[in-house]
Structures are given as C-alpha cells and as structure tokens.
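Each chain is listed here by its residues.
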Amino acid sequence: MVESIYPSKDAHGIWVYLEHTGGRFEGVSLELLGRGRALADTTGENLTALLLSGDGSALAEEALGYGADEVLLAHHPALSVYTTLPSARVVADLIIHRRPNILLLGATVNGRDLAGRLAVRLLTGLTADCTDLLIDKESGLLSGEVTGFGQGILATIQCPDTRPQMATVRPGVFARPVFDPARCGRTEVIAVEIPEDDQHVQVLRQSSRRGVDITQAERLVIGGRGIQGDFALLRRLARALNADLGATRVAVDQGWIGHDRMVGQTGSVTRPKLALVCGASGAMQFTVGIQESETIVAINSDPEAPIFEVADYCIADDVFQVLPQLIEALDREMAGRKG
Amino acid sequence: MKRKREDVITLDDSLWERVMAATDGAVAPCYQCGVCTAACPWGLLQEEPVNVRSLMRRAQLGIHQDGEMWWCTTCRACEEQCPRGVPIADVMLALRRLAWQDRTIPEGISPVMWSLYWDGNPWRQPPSQRAVWARGVTVKRFQPSDEFLFYAGCTASYDNRSQKVALALVGIFGTAGVSFGTLGDEEPCCGDAAYALGQHDYLQQIVQRNSERFVEEGVQTVVTVSPHCQDMFLNQYPPIEGFQPLHYTQYLAQLIQDGRLRFEAEYQVKATFHDPCYLGRRNGVYDPPRHVLAAIPGLELVEMPQNRAEALCCGGGGGRMWMDTKAGERFSDLRVREALDTGAEVLVTACPHCIACLEDSLKQTGSPMRVMDVAEVVAGALSAGRGA
Amino acid sequence: MREPHSIVCLKVVPKSEEVTINSETRTLDRSKARSEINSPDMNALEAALTLKQRHGGRISLLSMGPPLFDQYLRLGLAMGADAAYLMSDRVFGGADTLATSYALAEGIRAIGEFSIIFCGDESSDGATGQVPPGIAEWLSVPQVTYASRVQVVNSGQVLRARRELGSGFEIIEAPLPCVVSVKQDINEPRFLDFQRYDWAMNEAEVTVWAASDLHLDESRLGLAGSPTIVAGVNVARSSERRREFLEGSPQEKADRLIEKIRPWLRVG
C-alpha cells in the first residue's frame with residue numbers, strides 16, 4: 001500500500017484546475033466545473049476552482065457562475081504562459097496545505113503535462129483521459145473510466161489509499177454547465193512565490209498553425225470522388241466540426257485540392273480521433289491513411305462501397321443531401337453548447 | 001576562365017567498387033548505345049525521359065546518382081532492347097541497396113519495411129486479419145498431400161479489390177475439384193516489397209525464413225495470385241527439391257488442358273489482355289493466360305498494339321505502389337487509352353498491382369469498360385454455365 | 001558533460017487488436033498477442049538518432065520488462081543506438097505509472113549522466129502519457145511533452161521544441177538535461193542498419209538489472225508502489241469496426257450521427 005501524503009479522512013473538497021487562453025476558458029475546464037459540481041453535490045463537498053494567471057483575472061467571477069463554490073486565484077508573471085514547473089509549484093503547495101479529496105484537470109496537452117508532474121510530486125494516483133467519472137457518496141472514492149489498447153478495452157480505475165485522487169478528463173465527454181450570473185461564492189487571492197530554478201523553461205512564441213500538416217489533426221473531414229469537387233461544402237463541414245480537411249488521391253488528381261492534403265499510402269497516414277469520409281469508395285491504398293482513427297464515419301451513395309467495411313457509422317446516402325443537414329445540425333449543437 | 005565547382009565531376013573509386021560488388025559487375029558490358037533510354041516508358045510521360053544510359057554510365061564510373069533509380073518500375077522494357085543483355089533492372093535495385101547503406105532513401109520507404117517487420121505485410125494491416133478474406137468460403141489448411149499450396153499474398157489478402165480475385169480462384173478450384181490449402185493467417189510475405197525497394201539485406205532474412213518454412217511444411221507446387229510472388233519464389237529463393245512456383249494462369253491453363261476445367265456455356269464478352277511485366281517480360285509467361293481466355297466460348301480476345309514482350313507497364317512495379325506518381329504521369333493512363341482503342345468491354349489482366357493502377361486510370365475516363373483479372377473472367381464464365 | 005548522451009526509453013507492447021478479455025476471469029489476456037515496440041517510442045529513438053547524426057554523442061536504450069524484451073532492445077541497437085539496459089525483475093510487475101516512472105528514473109540514474117531523456121508520448125496499451133513527466137519529476141529536471149519537433153541549440157545546452165496545442169502550436173526552450181516526450185509519426189524511424197545488425201543481435205551486450213542490482217526503495221515498486229488499481233475491465237469495442245448503418249431521411253441521419261459522435265465534438 002502506498003502511503004498518502006495526507007490521510008483520506010482529512011481529504012475534503014473537489015478541485016478543478018482551470019485552463020484559459022486570451023481571456024476565455026478552455027471548453028474542458030467548464031465541462032469539469034459542470035461534472036465537478038455534480039460530484040460535489042453527491043458527497044456534500046465544496047467545489048474549488050484553481051485559476052493561475054499572469055495578472056488579476058476577471059475569469060474568477062465566471063468560474064463562480066459556472067458552479068464553483070470558491071476560486072483560488074494565483075498570480076505571478078511566470079504563470080502568464082503555461083510552463084510545467086511554476087504551475088506545478090503553485091498547485092502542489094496549495095494541495096499540500098489544503099488537502100483536497102480530488103483534483104480534476106482537462107486531458108489537454110498542458111493538462112496532462114501538469115497532471116503527470118503533480119502526481120509524482122504528490123506521490124498519488126492519476127487516472128488519465130477519463131471518459132466518465134463516478135463518486136461514492138459515502139467514501140468519496142472516485143472511479144474513473146478509461147480506455148486502453150487502442151480504445152478496445154474499457155477499464156475502471158480507482159485510487160483507494162492516496163490523496164488527492166487525481167484524474168484528467170477527456171474534452172467533450174461532459175456537458176458544459178449553464179452560466180448563472182447570480183451564483184455566489186468566494187474568491188481568494190493566493191500569495192505565490194516561484195523559485196528562479198522553476199523558471200528556466202521559456203515559451204518563445206505561440207501561433208496558430210500556418211501550412212498544412214494533417215498528420216497531427218484530431219478531427220479530419222476527407223473528400224473523395226463523390227463530392228465532385230465541392231470542397232467548399234466540405235470546408236463548411238470542417239469548420240462546423242473544428243476539423244482539418246483531407247482528400248483522397250482522386251480528389252487531388254482532379255485538382256480540387258492541394259497534394260499536401262492527400263490521405264493514403266502515398267500521401268499522409270493520419271490518426272485522428274474522428275475521421276469523416278465523404279464520397280470515397282474505400283480502396284485499401286486510401287484506408288491505410290485513416291485506419292488508426294478512433295472513429296470513422298463514412299458517407300457514400302453506394303451501400304456496397306468498401307469504405308463501409310472499415311467505418312463505425314455508415315450513411316448510405318447522397319452526400320449533397322446529408323452534408324447540409326449535418327452542417328446545420330452541428331451549428332445548432334455548437335450554439336447550444338456555448339450557452 | 002575559372003571553372004565553377006559544379007562543373008567538376010569526382011570519380012569515387014570506393015563508390016565504383018561498391019557498385020561493382022552490388023551489381024556483380026553487371027553494368028560493365030554497357031557500351032552506352034542509349035536504346036534503354038528510348039525504350040523506357042517514362043519518356044512517354046515526362047518532359048525529360050529518365051536517362052537510363054546516363055545512370056548506367058555513372059554506375060560504371062563511380063559517380064553519385066541523384067536518386068534517379070527510384071523512378072524505375074523494373075518493367076524491363078529496356079532489357080528487352082539492350083543489345084548487351086545488361087540486367088538494367090537489377091542494376092537499379094542494386095543502386096537502391098546502396099542508398100539504404102548511405103541512408104539516402106526517399107521518404108515513405110522506411111515505414112514500408114517496418115510494416116513488413118512488425119505486420120508481415122507492406123500495407124500496415126494487422127497480421128491477425130490476414131485470413132479474413134477467406135471467412136465466407138471454405139479454405140482448409142495446407143497439407144503436403146494437397147496438389148498445391150494456394151498462396152494469396154499480401155495484396156490479395158488485404159486489398160478489398162484483390163480479395164475478389166482470391167475468392168474467384170477459390171471458387172474455380174472448387175468447381176474443378178482440386179485439392180489445395182493455404183497457410184491461413186500464418187502465410188508469410190514473399191518479400192517482394194523488400195526486393196523492389198532495394199532492402200536486400202532484409203530480403204535475405206525473409207527468403208531464408210520462408211524457404212525453411214516451405215521445406216518444413218512439405219510445399220512443392222505453389223500457385224500464386226500475384227506474378228510478383230511467383231517471381232520471388234522462382235528467382236529469389238534458393239532451389240528447393242521439387243519446389244514449383246506457378247502463377248495461377250499457368251495452373252488454370254494446365255487444368256483446362258487436362259480437361260479438369262470445362263466451360264459449358266457461352267460467355268459473350270469482347271476483351272483485351274494486358275500482360276503484367278512480372279508475368280510476361282520477366283518470366284516469359286505470355287501464352288497461358290491467353291490459352292485460358294481462348295478456352296472460354298464466346299469470349300473475343302483482341303490484342304492491343306503493344307502486347308506480349310512489348311506490353312506497356314502499368315507503373316506499379318519496382319516498389320512504385322508505395323511511391324507517389326503525379327496525375328498525368330502515370331503509365332496506366334496510356335495503357336487504358338490503348339485498351340479503350342481496341343473497343344474491348346473488359347480489360348483483362350493477371351496481377352493485383354496492375355488491377356489497382358489500371359482501375360485507377362480507368363476511373364478518370366468515365367468509360368463503362370471494366371478491369372478484371374483472368375480469374376474473375378473464368379469465374380464469370382463458369383457461373384454463366386451454371387445458369388447463374 | 002563532454003559528449004551528448006541521450007537515453008531513450010522503449011516499451012514493448014502487445015498489438016492492441018490482439019488483446020482480448022478473458023470472459024470468465026474478466027481480466028486482460030495478452031497471451032496470444034504479438035509484440036512490437038511502442039510506435040511513438042520508435043519516433044523518440046529516431047529523434048535521438050537524428051540529433052546524434054548532427055551533434056555526435058551516444059544513445060543508450062532503457063526498458064523495463066521480462067527477459068524477452070532483450071531482442072527488441074537489440075533492434076534499437078541495430079538502428080543506431082550504442083548501449084542497451086533492461087530492468088527485469090518480478091518485483092517491477094504490476095506497476096502503475098508512479099511505480100514505473102520511479103523505477104525507470106532509478107535506472108536512468110544508474111546509467112549515468114545524460115543530456116536528454118527521450119520517450120514516446122504515450123504507450124498504446126495504457127495511453128496515460130504519465131511516465132515521461134513522472135521521470136522528469138523524480139529526476140528533478142525540466143520536461144517538454146508532446147513535442148512534434150526537437151532541436152538542440154546554444155552549443156548543446158538548450159532543447160528547443162515545438163509542441164502542438166489545440167489549434168495552434170508553441171516553440172519552447174528548456175535547458176539540458178531534460179526529458180522530452182514525442183508525438184507519434186513526427187518522423188520516419190530508420191530501418192535496421194544491416195552493417196550493425198550482426199553486432200547488435202549477436203555481439204552487443206544488453207545490461208540486465210534485477211531490482212537488487214540497483215539501490216531501490218522496494219516499497220515504491222510494482223503493485224505495492226502503485227496508488228491506482230484497476231477495479232474492472234470490459235471490452236469497449238472489438239478491433240473490428242462497428243459498421244453501424246444510420247437510417248432515416250438525410251436530416252434524421254444527420255441528427256443520429258451527431259448523437260453518435262458527440263464525444264468527439266468540440267467548440268473551437
């Protein structure tokens with residue numbers, strides 16, 4: 001049995017680490033406030049939000065409106081852009097002093113970067129990229145549901161003995177809570193000291209992506225022969241899905257789109273979480289480029305098209321009928337979520 | 001006048017030695033007539049032809065190549081014309097082998113070798129799914145008492161288009177009542193991708209392992225779907241007592257000749273036949289596929305102007321299936337036009353790479369002509385006989 | 001430190017599609033699964049090899065697992081690494097990421113001074129991505145995770161990397177020594193070098209360490225050192241695709257599709 005840095009009986013409170021850029025919260029941080037609220041209500045604990053930033057943040061009020069009972073606000077110039085050590089220092093110190101039961105972070109690149117470091121600093125258990133979180137009302141024991149082996153296996157992970165119980169949560173799994181401006185709570189400004197030695201890692205610059213690299217795409221919309229050159233339609237779909245755009249060899253040959261977007265054996269091999277393939281028949285030389293996707297959706301008017309053999313969700317219908325409906329439905333869905 | 005740096009050509013003795021060793025001195029007889037450059041199909045599709053003659057010269061002198069050898073589809077149209085019998089395709093592959101040693105191979109090629117290593121096929125497909133193509137039919141495990149080992153190969157096992165050829169053959173074998181078996185999901189890759197992409201060191205491991213396997217299993221006659229696999233077994237594997245690798249067209253021609261395969265009804269179709277390079281020019285198998293087609297009553301075979309030893313390559317050999325060829329520069333675009341000019345309804349071939357390339361080009365034309373493998377034509381003809 | 005020394009952590013994993021659940025015991029059955037080197041670890045090794053080509057130095061490989069991992073480490077030697085270390089002991093078994101990162105960090109200490117620790121970002125089995133930051137914390141060095149490009153600048157004193165974040169990227173610098181984890185497919189791992197192959201397979205020595213060869217706190221190892229437990233496993237999906245056809249009018253199909261892919265939707 002691993003010894004906890006503080007006993008479970010002293011561990012109270014559900015904490016959520018909030019990520020933010022340019023004055024806005026990351027979607028997953030809000031989702032965690034929503035789920036965190038539900039967990040806290042189940043056990044009767046408080047929901048605390050951690051907000052680290054370079055200067056006084058107006059986001060504290062917002063966090064309260066999304067369900068936090070209290071916001072711990074830490075400012076330091078070293079926190080203005082995320083790097084591991086300053087954030088790990090602040091969060092670990094807070095946890096050691098205040099002894100929460102649970103710490104939740106979004107399973108974003110930086111969320112996982114931080115969580116992995118913290119878990120070792122705090123000598124505690126961390127459950128990665130959860131697709132569900134449940135809590136035991138009496139004991140406050142968290143169960144995290146995770147996938148493994150290429151999404152083939154579902155496992156339930158628990159951290160029975162050490163505190164805090166840590167988990168990173170997959171973005172998009174939980175619903176965003178409704179903002180309630182009338183919600184009250186307390187904000188506490190934390191005095192922060194970050195040693196020089198923690199500040200040697202520098203972010204030189206941050207940019208949005210220029211140039212095309214679909215191999216890193218998390219969501220991909222791919223057009224084949226069947227879209228008859230209408231990449232404008234596919235672009236709208238890609239925008240609605242916050243996805244990148246790809247193409248089969250045929251589409252590239254026809255000059256409908258650039259070679260840098262070609263998916264397949266002699267193009268790019270991609271591993272998106274979601275691949276939406278429109279109007280492609282599904283020759284092996286193409287499917288090699290998407291076969292590692294978590295989920296594949298195929299839309300093709302030919303119900304016998306081989307693409308359906310390698311798809312999870314199949315729509316045997318006219319792309320030009322289905323896509324406009326899909327775009328509309330997605331726009332509605334996204335508008336609803338922002339609420 | 002001061003000479004620019006680039007005008008000075010350096011002869012590298014150690015490179016010359018490596019090339020001589022890698023090619024077994026094969027490039028020495030070349031007397032630079034240039035017929036190879038003229039014969040090379042790239043000249044039909046690119047502004048500048050691939051200068052085969054120059055490549056041979058550089059190899060002779062120990063001058064660094066510029067990656068030109070990666071263009072070669074090993075169609076051997078050049079060898080057909082070479083007055084000195086230089087094995088030009090082998091020289092190309094030997095130069096590729098040197099590129100591996102020098103770490104100057106193009107992008108996209110290392111992953112193919114790792115795919116062979118980890119997955120046992122060049123298509124990144126899971127080894128556990130190699131025999132999935134045969135799920136719907138009854139195919140038993142090979143026994144030495146079987147007449148032959150049916151060797152589907154990586155492309156027919158995994159490519160949904162070529163799986164149809166393997167399935168057609170299983171049906172034909174059933175109709176003819178021949179006894180055969182496969183190695184199921186333990187079927188090893190023949191190593192063609194390693195051969196074609198110049199990774200000859202790794203090829204030796206594959207060949208060694210597979211030869212021992214064939215001997216253990218008591219394999220004698222092997223019938224392959226792909227001419228590439230047959231070529232590997234025939235020319236790259238060490239001699240094994242009684243080992244006889246056949247392409248399926250040779251086997252079917254034999255069945256027909258022996259009266260074990262008969263066509264009862266008419267199968268009306270106008271067809272033309274594309275000789276795969278690895279069946280025809282490489283191993284001289286021109287007649288068997290034609291005998292098979294000739295045995296089908298009602299089938300009218302018209303030849304393309306470039307047939308048999310003069311057949312135009314589809315562009316898929318020499319590892320080019322794993323390299324990108326720009327639209328407008330594909331051999332198969334020309335070949336398909338040649339086929340369309342014959343007025344044939346069906347373009348028949350006998351190789352999975354040829355099918356992929358030819359169908360790809362045919363799709364662009366919007367023509368109703370279809371590409372079929374000989375096996376699919378035979379299967380179609382047999383079911384016509386059954387009133388199907 | 002005189003010459004650059006990279007240590008690359010390699011994990012041997014079962015092929016995901018060949019792992020099943022034993023329906024009686026409700027446990028994972030890896031017994032019939034073929035093994036391979038975790039794919040992003042190959043990209044990590046390739047990144048280290050590229051740096052070695054440019055800046056010189058040595059590469060050591062480190063893995064933790066049963067004796068059969070030896071042959072996989074030798075593949076890494078054949079690709080161009082110089083030395084290989086295998087931590088192999090029953091007592092390491094059953095470790096979660098805390099215990100694993102602890103053990104590997106101790107293995108790294110035993111190997112000696114290093115410039116960069118290279119890891120793949122996640123392993124295909126657990127996919128936690130927690131071991132590289134864990135190692136960095138145990139060793140008290142900076143970390144750069146999920147790197148898509150890696151360079152060494154400032155006369156070998158600084159690691160400069162590109163990290164992909166959401167819809168953008170950042171360029172980050174960390175002083176050496178540090179830990180870097182790389183994303184999958186950021187490069188093409190070079191194939192085996194057959195001029196090294198015989199040496200790698202037959203002559204090279206793979207140093208094997210049992211727990212007693214290293215100075216380890218046994219209470220931090222294996223199952224005993226793991227704060228997380230697996231409370232249950234289930235099949236989520238077979239390795240085969242769902243092939244679920246959605247029915248109805250185009251609008252209905254669109255709506256049904258959104259229901260299905262909801263977990264993958266995300267606002268920008």
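Definitions and limits used
Residues numbered from 1 in each chain as written. Chains lettered and ligands numbered in written order. Predicted model: local features only at pLDDT ≥ 70, side-chain atom pairs only at ≥ 80, totals over all residues. Heavy atoms only, no water. Helix = DSSP H or I, 4+ residues; strand = E, 2+ residues; numbered from the N terminus. Rg over C-alpha atoms; globule rule 2.2 N^0.38 Å. Buried < 20%, exposed > 50% of the residue type's maximum accessible area, 1.4 Å probe, protein only. Areas by Shrake-Rupley, 256 points an atom, 1.4 Å probe, with all protein chains shown as cover. Lys, Arg positive; Asp, Glu negative; His and termini not counted. Charge placed at Lys NZ, Arg CZ, Asp CG, Glu CD. Salt bridge = Lys/Arg side-chain N within 4 Å of Asp/Glu carboxyl O. Contact = heavy atoms within 4.5 Å. Buried area = accessible area lost by both parts, 1.4 Å probe. Polar contact = N/O pair within 3.5 Å; in protein donor to acceptor, adjacent residues only side chain to side chain. Nonpolar A, V, L, I, M, F, W, Y, C, P; charged D, E, K, R; others polar. Pairing = 2+ DSSP bridges. Axes fitted to C-alpha atoms, helices over the stretch in contact; angles between N-to-C directions. Expected span 1.5 Å × (residues − 1). Phe/Tyr/Trp six-rings, centres within 6.5 Å; stacked < 30°, edge-to-face > 60°. Lys NZ or Arg CZ within 6 Å of the ring centre and 35° of its normal. Core = buried A, V, L, I, M, F, W, Y, C linked by side-chain atoms within 4.5 Å. Parallel < 35°, antiparallel > 145°, perpendicular 65-115°, else oblique. Left-handed = near helix turned anticlockwise from the far one by under 90°.

**Remarks on the overall build of chain C**
Line of reasoning, step 1. Along the backbone of chain C there are six helices and 15 strands.
Line of reasoning, step 2. For a compact globule of 268 residues, the expected C-alpha radius of gyration is about 18 Å, and chain C comes in at 21 Å, within 12% of that figure.
Line of reasoning, step 3. The principal-axis extent of the C-alpha atoms belonging to chain C is close to 70 × 45 × 40 Å.
Line of reasoning, step 4. Relative to its full complement of 268 residues, chain C shows a buried share of 57%.
Line of reasoning, step 5. For chain C, the accessible surface area stands at approximately 11,100 Å², while carbon and sulfur atoms represent 46% of it.
Line of reasoning, step 6. Looking at chain C, you have 30 positive and 36 negative side-chain charges, and the mean spots of the two groups are 5 Å apart.

**Notes on the pattern of salt bridges**
Line of reasoning, step 1. Applying the stated criterion across every chain, the model contains 65 salt bridges over all chains.
Line of reasoning, step 2. Note that Arg99 of chain A and Asp10 of chain A form a salt bridge whose closest N and O atoms lie 3.0 Å from each other. Here Arg99 of chain A is found in the loop between helix 3 (84–98) and strand 6 (102–106), whereas its partner Asp10 of chain A is found in the segment before strand 1 (14–18), with 89 residues between them in sequence.
Line of reasoning, step 3. Taking the relative accessible area as the measure of exposure, Arg99 of chain A reaches 30% and is therefore partly exposed.
Line of reasoning, step 4. Its relative accessible area of 27% is what places Asp10 of chain A among the partly exposed residues.
Line of reasoning, step 5. In this structure, Arg335 of chain B and Glu338 of chain B form a salt bridge, with 3.1 Å as the shortest nitrogen-oxygen distance. Separated by three residues within a single helix, Arg335 of chain B and Glu338 of chain B lie in helix 15 (residues 331–341), roughly one turn from each other.
Line of reasoning, step 6. What makes Glu338 of chain B buried here is its relative accessible area of 11%.
Line of reasoning, step 7. Connected through shared salt-bridge partners, Arg249 and Asp253 of chain A together with Asp324, Arg330 and Asp360 of chain B make up one network.

**Examining the interface of chain C and chain A**
Line of reasoning, step 1. Across the contact, 84 residues belong to chain C and 88 residues belong to chain A.
Line of reasoning, step 2. Taken together, both faces of the contact between chain C and chain A bury some 7,600 Å²; the carbon and sulfur share is 56%.
Line of reasoning, step 3. Where chain C packs against chain A, one counts nine salt bridges.
Line of reasoning, step 4. Here Asp185 of chain C makes a salt bridge to Arg271 of chain A, at a shortest N to O gap of 2.6 Å.
Line of reasoning, step 5. Run the count over chain C and chain A and you get 42 residue pairs in polar contact (both at pLDDT 80 or more).
Line of reasoning, step 6. Counting residues per element, the ones that place at least two in the side of chain C that touches chain A are helix 3 (97–111), helix 4 (131–139), strand 9 (143–153), strand 10 (158–165), strand 11 (168–175), strand 14 (229–235), strand 15 (244–245) and helix 6 (250–261) of chain C.
Line of reasoning, step 7. When residues in the side of chain C that touches chain A are grouped by element, the largest group, nine residues, is from helix 6 of chain C.

**Things to note about the interface of chain B and chain A**
The accessible area lost on association of the parts is a frequent measure of interface size.
Line of reasoning, step 1. Between chain B and chain A, the residue contacts involve 19 residues of the former and 17 residues of the latter.
Line of reasoning, step 2. Overall, the association of chain B and chain A removes approximately 1,600 Å² of surface from exposure, summing both partners, and the carbon and sulfur fraction of that is 41%.
Line of reasoning, step 3. Taken as a group, Arg124, Asp324 and Lys363 of chain B account for 34% of the area that chain B buries against chain A, more than any other trio of residues on that side.
Line of reasoning, step 4. Here chain B and chain A share three salt bridges between them.
Line of reasoning, step 5. A salt bridge links Asp324 of chain B to Arg249 of chain A, with the shortest nitrogen-to-oxygen separation between them at 3.8 Å.
Line of reasoning, step 6. Linking chain B with chain A are nine residue pairs in polar contact (both at pLDDT 80 or more).
Line of reasoning, step 7. Top contributing element to the side of chain B that touches chain A by residue count: helix 16 (residues 352–365) of chain B, with four residues.
Line of reasoning, step 8. Split into classes, the residues belonging to the side of chain B that touches chain A amount to nine nonpolar, four polar and six charged.

**Topic: the sheet that holds strand 10 (residues 153–158) of chain A**
Adjacent strands of a sheet pair through backbone hydrogen bonds, lying either parallel or antiparallel.
Line of reasoning, step 1. On the basis of which strands lie adjacent, the open sheet formed by four strands has the order 8(A)-9(A)-10(A)-14(C) and antiparallel pairing. Each end of this open sheet is capped by a strand with a single partner; those strands are strand 8 (132–135) of chain A together with strand 14 of chain C. Averaged over all neighbouring strand pairs, the angle between strand axes comes to 25°, with direction disregarded.
Line of reasoning, step 2. Strands in contact with helix 1 (residues 27–43) of chain A are strand 8 and strand 9 (142–148) of chain A; relative to strand 8 of chain A, the strand with the most contacts, it is inclined by about 15°.

**A closer look at helix 3 of chain C**
Residue and element names in this part refer to chain C.
Line of reasoning, step 1. The end-to-end C-alpha distance of helix 3, which contains 15 residues, comes to 21 Å, matching closely the 21 Å that a straight helix rising 1.5 Å per residue would cover.
Line of reasoning, step 2. Counting buried residues along helix 3, 13 of its 15 residues qualify, which places the element largely inside the surrounding structure.
Line of reasoning, step 3. Capping the start of helix 3 is the job of one residue whose side-chain oxygen sits 3.0 Å from the backbone nitrogen of Leu98: Asp96.
Line of reasoning, step 4. Downstream of helix 3 by one or two residues, Gly112 has phi in the positive range, about 125°.

**Thoughts on unusual backbone geometry**
Line of reasoning, step 1. Of the consecutive residues Arg163 of chain A and Pro164 of chain A, the connecting peptide bond is found in the cis state with omega at 0°.
Line of reasoning, step 2. Here Pro164 of chain A is to be found in the loop between strand 10 and strand 11 (165–169).
Line of reasoning, step 3. Look at the link from Leu176 of chain C to Pro177 of chain C: it is a cis peptide, with omega at 0°.
Line of reasoning, step 4. Residue placement: Pro177 of chain C occurs in the loop between strand 11 and strand 12 (178–182).
Line of reasoning, step 5. Backbone geometry places Tyr146 of chain C, a non-glycine residue, at a positive phi of 55°.
Line of reasoning, step 6. Examined against the element boundaries, Tyr146 of chain C turns out to sit in strand 9.
Line of reasoning, step 7. Given a relative accessible area of 7%, Tyr146 of chain C falls into the buried group.

**Brief notes about the sheet that holds strand 8 (residues 370–373) of chain B**
Residues and elements named next belong to chain B.
Line of reasoning, step 1. The sheet built from four strands is open, its strands ordered 6-5-7-8 with parallel pairing. The open sheet has two free edges, formed respectively by strand 6 (299–302) and strand 8, since each of these has just one partner strand. Taken pair by pair, the neighbouring strands of this sheet meet at an average axis angle of 35°, ignoring direction.
Line of reasoning, step 2. Judged from the four bridges that link them, strand 5 (residues 269–273) and strand 6 form a sheet pairing that is parallel. Each bridged residue has a counterpart across the sheet, and for Val269 the counterpart in strand 6 is Leu299.
Line of reasoning, step 3. Along the sheet face, helix 17 (residues 374–385) touches strand 5, strand 6, strand 7 (346–349) and strand 8 and points at about 90° away from the line of strand 8.

**Remarks on the packing of aromatic side chains**
Line of reasoning, step 1. A complete count under the given rule lists 31 aromatic pairs over all chains for this structure.
Line of reasoning, step 2. Between the aromatic rings of Trp114 of chain B and Tyr117 of chain B, the centroid separation amounts to 5.6 Å while the plane-to-plane angle is 75°, which identifies the pairing as edge-to-face. Here Trp114 of chain B and its partner Tyr117 of chain B are both found in helix 7 (residues 110–119), three residues apart, which amounts to about one turn of the helix.
Line of reasoning, step 3. Among the residues examined, Tyr117 of chain B registers a relative accessible area of 27% and is labelled partly exposed.
Line of reasoning, step 4. Ring geometry for Phe214 of chain B against Phe233 of chain B: centres 5.3 Å apart, planes inclined by 80°, an arrangement best described as edge-to-face. Within this pair, whereas Phe214 of chain B is found in helix 11 (residues 200–217), its partner Phe233 of chain B is found in helix 12 (residues 227–236), the two being separated by 19 residues in sequence.
Line of reasoning, step 5. Here Phe214 of chain B falls in the buried class, since its relative accessible area comes to 0%.
Line of reasoning, step 6. The lysine or arginine in question, Arg162 of chain C, covers the ring of Phe169 of chain C, its NZ or CZ lying 3.7 Å from the ring centre.

**Some details on the nonpolar core**
Line of reasoning, step 1. By size, the foremost hydrophobic cluster in this structure holds 178 residues, and its most contacted members are Phe150, Leu169, Phe173, Leu252 and Val378 of chain B together with Leu61 and Phe118 of chain C.
Line of reasoning, step 2. Beyond its immediate stretch of four places on either side in the chain, Val378 of chain B contacts Ile172, Leu252, Leu261, Phe263, Val292 and Ile296 of chain B.

**Examining helix 1 (residues 39–55) of chain C**
Line of reasoning, step 1. The terminal C-alpha atoms of helix 1 of chain C lie 25 Å apart, and with 17 residues this matches the ideal 24 Å at 1.5 Å per residue to within 8%.
Line of reasoning, step 2. Of the residues trailing helix 1 of chain C, Gly56 of chain C is marked for its positive phi of about 80°.

**Notes on the side chain of Thr221 of chain B**
Residue and element names in this part refer to chain B.
Line of reasoning, step 1. Within the secondary structure layout, Thr221 lies in strand 3 (residues 221–224).
Line of reasoning, step 2. Reaching out from Thr221, the side chain makes a polar contact with the side chain of Gln244 at a distance of 3.4 Å.
Line of reasoning, step 3. Here Thr221 is in contact with Glu147, Phe148, Leu149, Gln244 and Leu246, once residues within four sequence places are set aside.

**A short note on the packing of helix 4 (residues 52–61) of chain B against helix 6 (residues 88–102) of chain B**
Residue and element names in this part refer to chain B.
Line of reasoning, step 1. Across the interface, helix 4 lies against helix 6 with an axial gap of 11 Å and an inter-helix angle of 60°. Considering the angle they form, helix 4 stands oblique to helix 6. Relative to helix 6, helix 4 is oriented so that their crossing is left-handed. Counting all contacts with helix 4, which are made through Val52, Leu55 and Met56, the residues of helix 6 involved are Ile88, Val91, Met92 and Leu95.
Line of reasoning, step 2. Here the contact of helix 4 with helix 6 is composed, by residue class, of seven nonpolar, no polar and no charged.

By themselves, these observations are geometric and do not establish any function.
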